[in-house]
Amino acid sequence: MSHLLGVQVSPLQVIQAHSPFRKLVNRFENELVVAAGKGEPAAVMSNYGFKNVISMDEYASYFDNIDPLAPYKKLMFRQDGHKELRSREDVLSQRVQAAFIVSDPVDWSRDIQVLCDILRTGGLPGKEIGPQPHLYIANDDLDYQTEFPTERLGMGAFRIALESIFNRIHEKPLEYTSFGKPNPFVFKNAEDVLKEIATSPYSSNQGSHHFKTLYMIGDNPKIDIRGARQAGTPWFSILTRTGVFKGKDNHAEFPADLVVDTVEEAVDFILTRESAKQSLLS
């Protein structure tokens, strides 16, 4: 991002859906946790400070026949680059304390099967029914826009599938925590990070900091704009026609404070608006 924008961007300034998982390190730092999703979910969690994390790909590989469809899957999924030196016996004997859905799962059938095994047995697949381990989901977006003409199913759809199946095969309903928008926690966390940046030694602002306006730019009324509206002051929502939303007028159910065509228009509006405020103060 620093290269593309020509502006130095620190990791602290980038907040992703799974960033709130960092706050759970103290709770699960040395416990066995499973990380699911595309890319390298275990590497992400390890970078946050989790010391005993294993990817879903690696975890499933230690159990013979845990995925009944494995012989029919011709695609070879890229393995997570994060891999500890573990023995099969150690993995099979350790109780999984929590499962984290870090990003969109690739192999839904396997991941739902293995997660149900973990969550039904108290973290010991193949064993007796036990208390459900914790389940954390980075975001709950039902769909999102890609280059395909219509929206694609997101992590929220995976959660619905997992929850539906789990609740059919288990007497107690699935318990989980979703950190994604429109959860107010996401907006509070973003505000906290911005305050930390604004009061850092590298900032010209020292001491406590109060934001008069924070801008939320998004293309999904039900997720982005709804979240900003729920968060309330000081959030100002800007809806773009760059993805899920394509309407001519503002969204009826979750109207934004402003509707524009592109992100560039949104940024131009913010710069103009804030410059005008500064001119009035000077």
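Residues numbered from 1 in each chain as written. Predicted model: local features only at pLDDT ≥ 70, side-chain atom pairs only at ≥ 80, totals over all residues. Heavy atoms only, no water.

- An unreviewed UniProt entry lists the protein under the name HAD-superfamily hydrolase subfamily IIA, with Arabidopsis thaliana x Arabidopsis arenosa as the source organism.

**Some remarks on the overall build of the protein**
- Counting its regular elements, the protein contains 10 helices and 10 strands.
- Its C-alpha atoms put the protein at 70 × 45 × 35 Å along the principal axes.
- In the protein, which comprises 282 residues, the proportion classed as buried is 43%.
- Considering only intrachain contacts with a sequence separation of at least 6, the fraction spanning at least 24 residues in the protein is 58%. (Helix = DSSP H or I, 4+ residues; strand = E, 2+ residues; numbered from the N terminus. Buried < 20%, exposed > 50% of the residue type's maximum accessible area, 1.4 Å probe, protein only. Contact = heavy atoms within 4.5 Å.)

**Description of the sheet that holds strand β1 (residues 33-36)**
- The five strands lie next to each other as β2-β1-β3-β4-β7, forming an open sheet whose pairing is parallel. Whereas interior strands pair on both sides, the edge strands pair on one side only; in this sheet they are β2 (53-55) and β7 (177-178).
- Sheet analysis places strand β4 (residues 134-137) next to β7, joined by two bridges and oriented parallel. Of the residues in β7, the one forming a bridge with Ile137 is Ser178. (Pairing = 2+ DSSP bridges.)

**Describing helix α3 (residues 41-48)**
- Residues of α3 that are buried include every one of Pro41, Ala42, Met45 and Tyr48, and no others. The arc that holds the buried residues of α3, viewed along the axis, is 120°, so those residues lie on one side.
- Two residues or fewer after α3 comes Gly49, characterised by a positive phi angle close to 120°. (Arc of directions from axis to C-beta.)

**What about the nonpolar core?**
- Counting 44 residues, the largest nonpolar core has Phe21, Met45, Phe50, Tyr59 and Phe100 as its most contacted members.
- Leave out the neighbours within four places in its chain, and Phe50 touches Phe21, Leu24, Val25, Phe28, Glu29, Val33, Met45 and Phe100.
- Judged by nonpolar contacts, the second largest core, of nine residues, contains Ala190, Leu214, Ala228 and Trp235. (Core = buried A, V, L, I, M, F, W, Y, C linked by side-chain atoms within 4.5 Å.)

**Some details on the pairing of β4**
- Where strand β3 (residues 98-101) lies against β4, four bridges are found, and the strand directions are parallel. Its bridge partner lying in β4, Ala99 is registered against Leu135.
- For the crossover from β3 across helix α6 (residues 108-120) to β4, the handedness is right-handed. (Right-handed = clockwise from strand over helix to strand, strands pointing away.)

**What to know about the packing of α6 against helix α7 (residues 155-169)**
- Following both chains from N to C, one finds α6 and α7 inclined at 50°, their axes separated by 10 Å at the closest point. Accordingly, the angle class assigned to the pair α6 and α7 is oblique. Helix-helix and strand crossings are classified by hand; for α6 and α7 the assignment is right-handed. Within the contact between the two elements, α6 uses Trp108, Asp111, Ile112, Leu115, Cys116, Leu119 and Arg120 and α7 uses Ala157, Phe158, Ala161, Leu162, Ile165, Phe166 and Ile169.
- The residue makeup of the contact of α6 with α7, split by class, is 12 nonpolar, no polar and two charged. (Axes fitted to C-alpha atoms, helices over the stretch in contact; angles between N-to-C directions. Parallel < 35°, antiparallel > 145°, perpendicular 65-115°, else oblique. Left-handed = near helix turned anticlockwise from the far one by under 90°. Nonpolar A, V, L, I, M, F, W, Y, C, P; charged D, E, K, R; others polar.)

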